[in-house]
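Per-entry structural report
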Amino acid sequence: MKVKQKLKHDIIPAIRIYLGFPQIKVFIAILILAIMSFAGAYLIEDMFWSSICANIFAGLVTGIVLFLLTGVKQIYIARQELKYQWLKKIHDQIIIFNDCHRKMMLNNNDIHNVEFENAIYDTICAAHDVNVYIESGERDRRLGFNTLRYCKNQYEYDARDKSDRDDKVRGKIISSSYESKQDADTLFDSIKKDLFTLNHQIVTEMSDIEVKLKIANRSII
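Everything in this summary refers to the structure shown in the same document. (Residues numbered from 1 in each chain as written. Predicted model: local features only at pLDDT ≥ 70, side-chain atom pairs only at ≥ 80, totals over all residues. Heavy atoms only, no water.)

**Describing the packing of helix α6 (residues 159-174) against helix α8 (residues 189-218)**
Two elements in contact, α6 and α8, have axes whose closest approach is 10 Å; the angle formed by their N-to-C orientations is 150°. When the interaxial angle is binned, α6 and α8 end up roughly antiparallel. For the pair α6 and α8, the crossing hand works out as left-handed. On α8, the residues touching K162, R165, D166 and V169 of α6 are S190, I191 and D194. Residues belonging to the contact of α6 with α8 are distributed by class as follows: two nonpolar, one polar and four charged. (Axes fitted to C-alpha atoms, helices over the stretch in contact; angles between N-to-C directions. Helix = DSSP H or I, 4+ residues; strand = E, 2+ residues; numbered from the N terminus. Parallel < 35°, antiparallel > 145°, perpendicular 65-115°, else oblique. Left-handed = near helix turned anticlockwise from the far one by under 90°. Contact = heavy atoms within 4.5 Å. Nonpolar A, V, L, I, M, F, W, Y, C, P; charged D, E, K, R; others polar.)

Structural data, given as structure tokens:
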């Protein structure tokens, strides 16, 4: 069942996207010509035309090999760049959460003052936005992977579970289930810990991707 779902939601849409690229259409045309020239070299009895077909076939095969080498490289670079942008967006969302939390803690108004209530609500919304973005990437076919599953397997971060947790914290905030700024901050303890860990892992992977892209862009093949 999982294989069927992966085929339907990940592999088939990705194939459709790649088949829409002009260079893939050119590759298919070259491949067809290579097959025709090989058939000609094999079937034509006249040595002159058979030799011409064989030479054409050899040239086309060389072109196909070069195309595959450069094509795989460009696809790899494009995928890595998309992944980097996706990771950076999560990183930026976490920075927004940290900024909101800092403003909440620096807010000197009474905890039931509307300004403090807005600050604490902005903070939980910023945390929730991280999970929403991760979940929304599940439908982005350009990335070529399931973002929700990726975060769960790669970072041990389940965005859906964290989103449910954030909703419970939001409910406590709406009902003002805190008696001081420290109590309010305690509501975010697990959120801060999870996002700090996630951000560290993401920044590490972003650095790894930067190195990979530099090597890929400099390499001949």
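Next comes the rest of the account.
**Let's talk about a nonpolar patch on the surface**
Taken together, the side chains of I28, I32, L33 and M36 make up a nonpolar region of the molecular surface, amounting to roughly 380 Å² of accessible area. Structurally, L33 is set in helix α2 (residues 22-43). Classification of L33 as partly exposed rests on a relative accessible area of 47%. (Patch = residues over 30% accessible without salt bridge, like charges linked within 9 Å, V, L, I, M, F, W, Y side chains within 5 Å. Areas by Shrake-Rupley, 256 points an atom, 1.4 Å probe, with all protein chains shown as cover. Salt bridge = Lys/Arg side-chain N within 4 Å of Asp/Glu carboxyl O. Buried < 20%, exposed > 50% of the residue type's maximum accessible area, 1.4 Å probe, protein only.)

**Remarks on the packing of aromatic side chains**
Going through the model one piece at a time under the given rule, you end up with eight aromatic pairs. Taking the centre distance of 5.0 Å and the plane angle of 50° together, the rings of F145 and Y150 count as tilted. Through a chain of ring-to-ring contacts, three or more aromatic side chains come together here, namely W86, F145, Y150 and Y155. Directly above the ring of F145 sits K83, whose terminal nitrogen or CZ lies 5.9 Å from the centroid. (Phe/Tyr/Trp six-rings, centres within 6.5 Å; stacked < 30°, edge-to-face > 60°. Lys NZ or Arg CZ within 6 Å of the ring centre and 35° of its normal.)

What is shown is where atoms sit, not what they do.
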